[in-house]
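Geometric and topological summary
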Amino acid sequence: MQIVNTVCERYSYFDIDPIFRALSSGNSLNRNIINQMHICSQSSYLSFFPGDIQALTWLVAQDLSTQTVALNRVCTDWKQWTPSIMRSYSVMATSSLTPFTAEIFAIMDQCPPIHEYKATMRGGYYLYLCLTGLIIILLGVYSVFVIYATVPESDWSLKAFLTPFNISFCLGFVSLIIVDITYACYTYQSLTNVYSEHDVSTQLWFSLDSNLNLMYTIILTCNAVWAISYLYFSWRRSELQVRRLFPRYFSVAVYSFLASPLLILSPVPLAIMHILYPLSGFTNFSYTFQGVSACTLMLLDGFFLFCFMRFLVATKIDQHSPIDAKFLIISRYGLAATVLCMIIGGISVYLITASAGLSYSAMALYTAMTTILMHFVMLTMVLLKVGLYRQAQYDISQHSERIKTIQKMNESTQSGTAARSAKALLAVPSKEKDWNQFGDLGKAGSSREYSLSMGDAYSNISAISTASTDLSRTSPEPRCDDNWAVISFYVN
C-alpha cells in the first residue's frame, strides 16, 4: 500500500496508468491493493480531465474518503498554479450530471489555494463594506460642517454651496464611495462564483467574465476621477508659486496640468476593451497604462509640492513677508496629503510591475492599502477645512478684542498719547497680516460665514476699526496676494 501511494504521488496519470493496468491484470495482488491503484489512476485522470463525464460520475459515486483523495490529487497537481485549481474545480462542479454535495464542496474549500482565495475575497468584502460606511459618515460630517458652520442660514442657496472647493471635494467623495461599493460587489460575486464560473485569471482584478471586468472598469474610472480631483487641489495650492518660481515655463506647467487627465484616464479604454474581449490579452497593456497614470499623479503632485515648499521656505526667511497662520495650515495638511499620494503611487507602481509573481492575497493587500490611503487623504482634506475654520474663529475673536480695547481707550481719553497707544494696539504682530487688507475675502468665491461670515467678518472688522479710529491703513505685504489667493480657495 505504501509503495502504491508513493508511486501515485510522484507520477502523473500517463505514467502510472499503464503500470497499474499491467499489475491489475495479474492474480498476484490482493483486492485492497488493486482498489488503491484504481483510485489512484482515476484520481490522476480526473486531475487532467476535470470535465470528463465518466470520471465525474465515478467521483460522485465514491465514499467521502475516496472523494477526498481524488480532490486532493487535483489540488496537489496544480498547487503551483492557483487559477488552474480553481478552473478545474469549477469545471467539475458545472459539468457533473449529478450535483455535488456540500461535503464535496467542503473538501474543495480545504485546498490551500482555494482557502486563501476565499479568505481574501471574504476579507475584502467586509473591508470595503466598512470603508463604504466610513466614507459616507465622513461625507455626512463634512456636509453638516459646510451647511451649518461655513454658510449662514440666511444665505443658504445652491450657489453658496457649489464653490470650486466643494464641487471638487464632493466629486472625490462620490468617486471613492463608488470605488468601495464596486469593490464590495466584485469580491462578493467572486466569492459566490468560485465553483459556478471558471473565469479567474492570474490577475486578481482582471477576469474572463465580462461582468466582473465591467466592475473593475468602473473602479479604474472612479480612481482616475478621484486622482484628477486631488490634483486640482494640488494645482490650486501651488499655481501662484509655480508662476513665481518658473515664470518662463509657467505655460508648460499649465498645459501639463490640463493634459494630465488624459494620462490619468488612459487605463480606462483598454479596460473597456477587456470587457468586450476578455480573452484578448489586453491585461498587460492595461497595467502599463495604470503605471503611466500613477506616475503622472506622482510627478505633477511632487512638482507642485516642490514649488510650494520653495515658496514657503523663502517666505519664512523674508522677515518683511510674514506667513499667515491659515497659509501654514494649508501647507501642513497639503504636505500630509502629498506624502499619502506618493505612497499610493509607489504601491500602485509596485503592484503593477510585480503582479506576475504575487499571490492573490498579496495583490488584494496592496490594493486595499491604496484604497485605505485614499480615504486618509480625504480625511486630511476635511481636517484642513476644519483647521481653517478654527483658525478663522480665533483670528476674528482676537481682532474683536483689539477693537473693543481701542473703543474703550477712545472713550476714556482723546489725548495724543491715547491715540498713539491705540495705533500700537492695532499694529499687527511680526507674524500676522494687517486685517484691513483682507476685506475682500468673501469675494473669492461665495460669502463664507464662520459663525460670523468669513468674508463679512473681516470686512466688518476693518470697517469698525476705521470708524472707531482715524488711523491709516498699512500697505499689503509683498506676498500677501499670493498667500491670500491660496487661502481664499480653501476657505470658500
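Residues numbered from 1 in each chain as written. Predicted model: local features only at pLDDT ≥ 70, side-chain atom pairs only at ≥ 80, totals over all residues. Heavy atoms only, no water.

**Quick word on the overall build of the protein chain**
To keep it simple, the criterion reads: Put simply, DSSP marks the helices as runs of H or I at least four residues long and the strands as runs of E at least two long, and each gets a number from the N terminus on. With a 1.4 Å probe rolled over the protein chains alone, any residue whose accessible area is under 20% of its type maximum counts as buried; one over 50% counts as exposed, and the rest are partly exposed. Pairs of residues are marked as contacts when any of their non-hydrogen atoms sit within 4.5 Å.
Of regular secondary structure, the protein chain possesses 19 helices and 0 strands. For the protein chain, buried positions account for 49% of its 492 residues. Summarising the internal contacts of the protein chain: among those between residues at least 6 apart in sequence, 78% fall at separations of at least 24.

**Points about the pattern of salt bridges**
Proximity of charged atoms lets side chains of opposite charge pair with each other. The test is simple: By definition, a salt bridge exists where a carboxyl oxygen of Asp or Glu is found within 4 Å of a side-chain nitrogen of Lys or Arg.
In total, this model carries 3 salt bridges according to the counting rule given. For Arg73, the salt bridge identified is with Asp77, shortest N-O distance 3.0 Å. You can see Arg73 and its partner Asp77 sitting in helix H5 (residues 64–77), 4 residues apart, about one turn around the helix. On the basis of relative accessibility, which here comes to 10%, the residue Arg73 falls in the buried class. Take Asp77: its relative accessible area is 31%, and that puts it in the partly exposed class. Among the salt bridges present, the one from Asp301 reaches Arg237, with a minimum N-O distance of 3.8 Å. One end of the pair, Asp301, is in helix H14 (residues 283–317); the other, Arg237, is in helix H11 (residues 210–245), with 64 residues separating them in the sequence.

**Some thoughts on the state of the cysteines**
Short version of the rule: Defined by distance alone, a disulfide is two cysteine sulfur atoms within 2.5 Å.
In total, this model carries 1 disulfide according to the counting rule given. Across a sulfur-sulfur distance of 2.0 Å, Cys75 and Cys111 are joined as a disulfide pair. With the S-S bond torsion at 85°, the cross-link from Cys75 to Cys111 turns out right-handed. Highlighted residues: Cys75 in helix H5 and Cys111 in the loop between helix H7 (102–109) and helix H8 (112–150), separated in sequence by 36 residues. The pair formed by Cys75 and Cys111 is uniform in burial state, with each residue classed as buried.

**Examining the packing of aromatic side chains**
This is how the line gets drawn: Two aromatic rings from Phe, Tyr or Trp, using only the six-membered ring of Trp, form a pair when their centres are within 6.5 Å; if the ring planes differ by under 30 degrees the pair is stacked, by over 60 it is edge-to-face, and anything between is tilted. Working rule: Lys NZ or Arg CZ, within 6 Å of ring centre, within 35 degrees of ring normal, means a charge sits over the ring.
What the rule picks out here adds up to 22 aromatic pairs. Judged by centre distance (5.0 Å) and plane angle (15°), the ring pair of Trp235 and Phe257 falls under stacked. One end of the pair, Trp235, is in helix H11; the other, Phe257, is in helix H12 (residues 250–264), and 22 residues separate them in sequence. Here Trp235 matches Phe257 in class, with each residue buried. A connected cluster of aromatic rings, assembled from ring pairs, spans Trp235, Phe246, Phe250, Phe257, Phe303 and Phe304. For Arg237, the ring lying beneath its charged end belongs to Phe308, and the centroid distance is 5.5 Å.

**Section: empty space enclosed by the protein**
In plain terms, the rule: A 1.4 Å probe that fits but cannot get out identifies a cavity on a 1 Å grid over protein atoms alone, an open set with protein on both sides within 12 Å along at least five of seven lines counts as a pocket, and a residue lines either if it has an atom within 4 Å of a point. Grid points are joined across faces, edges and corners, and a volume is the space filled by probe spheres set on the points. When residues are grouped by polarity, Ala, Val, Leu, Ile, Met, Phe, Trp, Tyr, Cys and Pro land in nonpolar, Asp, Glu, Lys and Arg in charged, and all others, Gly among them, in polar.
Applying the stated criterion across every chain yields a total of 4 cavities of 30 Å³ or more. Reported here for the largest cavity is a volume of approximately 510 Å³. Counting residues per element, the lining of the largest cavity draws most heavily on H11, at 6 residues. Classifying every residue of the lining of the largest cavity by side-chain character gives 18 nonpolar, 8 polar and no charged.

**Quick notes on the packing of H8 against helix H16 (residues 360–412)**
Short version of the rule: Fitted lines through C-alpha atoms serve as axes, helices being fitted only where they are in contact, and the angles separating the N-to-C directions of these axes extend from 0 to 180 degrees. Each angle is binned into one of four classes, with values under 35 degrees roughly parallel, values over 145 roughly antiparallel, values of 65 to 115 roughly perpendicular, and all other values oblique.
The interhelical angle for the contact between H8 and H16, taken along N-to-C directions, is 10°, at an axis separation of 11 Å. One element, H8, and the other, H16, form an angle in the roughly parallel class. When grouped by side-chain class, the residues that make up the contact of H8 with H16 number 18 nonpolar, 5 polar and 2 charged.

**Notes on the nonpolar core**
To be explicit about the condition: Here the nonpolar core consists of buried residues drawn from Ala, Val, Leu, Ile, Met, Phe, Trp, Tyr and Cys, with membership extended through side-chain atoms lying within 4.5 Å.
Judged by nonpolar contacts, the single largest core of 44 residues is most densely connected at Phe169, Phe173, Trp226, Val377 and Met378. For this core, the secondary structure elements donating two or more residues are H8, helix H10 (164–192), H11, H12, H14, helix H15 (325–354) and H16. Ranked by the residues each element gives to this core, the list is headed by H16, at 9 residues. Ranked by size, the runner-up nonpolar core spans 32 residues in total, among them Ala93, Ile107, Tyr117 and Leu351.

**A look at the side chain of Ser88**
Checked against the element boundaries, Ser88 lands in helix H6 (residues 82–95). Ignoring anything within four residues of it in the chain, the contact list for Ser88 reads Pro50, Val74 and Trp78.

**Examining a nonpolar patch on the surface**
Going by this rule: Each patch is assembled from residues with relative accessible area greater than 30% and no salt bridge, linking like charges that lie within 9 Å and nonpolar side chains (Val, Leu, Ile, Met, Phe, Trp, Tyr) that lie within 5 Å. Accessible surface is estimated by sampling points in the Shrake-Rupley manner with a 1.4 Å probe; for residues, cover comes only from the protein chains shown.
On the surface, Val174, Ile178, Leu214 and Ile218 cluster together into a nonpolar patch covering about 290 Å² of accessible area. Contributions of two or more residues to the nonpolar patch are made by H10 and H11.

**Concerning the confidence of the model for the protein chain**
Put simply, the test is: Confidence of the predictor at the level of single residues is given by pLDDT, which spans 0 to 100.
This prediction gives the protein chain a mean pLDDT of 76; 70% of its residues lie at or above 70. Contacts of residues 428–480 to residues separated by more than four positions or lying in other chains number 117 contacts, the stretch itself having pLDDT below 50.

**Here's the deal with the environment of Leu279**
Turning to its location among the elements, Leu279 is positioned in the loop between helix H13 (267–276) and H14. A relative accessible area of 73% places Leu279 in the exposed class. Placed 72 residues apart in sequence, Leu279 and Ser207 show a C-alpha to C-alpha distance of 9.1 Å.

**Some words on H7**
Threshold: This arc is taken over the directions from the axis of the helix to the C-beta atoms.
Every buried residue belonging to H7 is among Ile104, Ile107 and Met108, and all of these are buried. End-on, the buried residues of H7 take up no more than an arc of 100°, which puts them together on one face. The inward-facing, buried residues of H7 contact H5, H6 and H8.

**Focus: the side chain of Ser260**
Within the element layout of this structure, Ser260 appears in helix H12. Relative accessible area serves as the criterion here: at 3%, Ser260 is assigned to the buried category. Leaving out residues up to four positions away in the same chain, Ser260 has contacts with Leu231, Thr296 and Leu300.

**Observations concerning the packing of helix H4 (residues 53–61) against H5**
In the contact formed by H4 and H5, the axes pass within 8 Å of each other and the chain directions differ by 140°. Overall, the two elements H4 and H5 adopt an arrangement that is oblique. Taken together, the residues of H5 that come into contact with H4 (itself represented by Trp58, Leu59 and Val60) are Thr66, Gln67, Ala70 and Leu71. Residue composition of the contact of H4 with H5, by class: 5 nonpolar, 2 polar and no charged.

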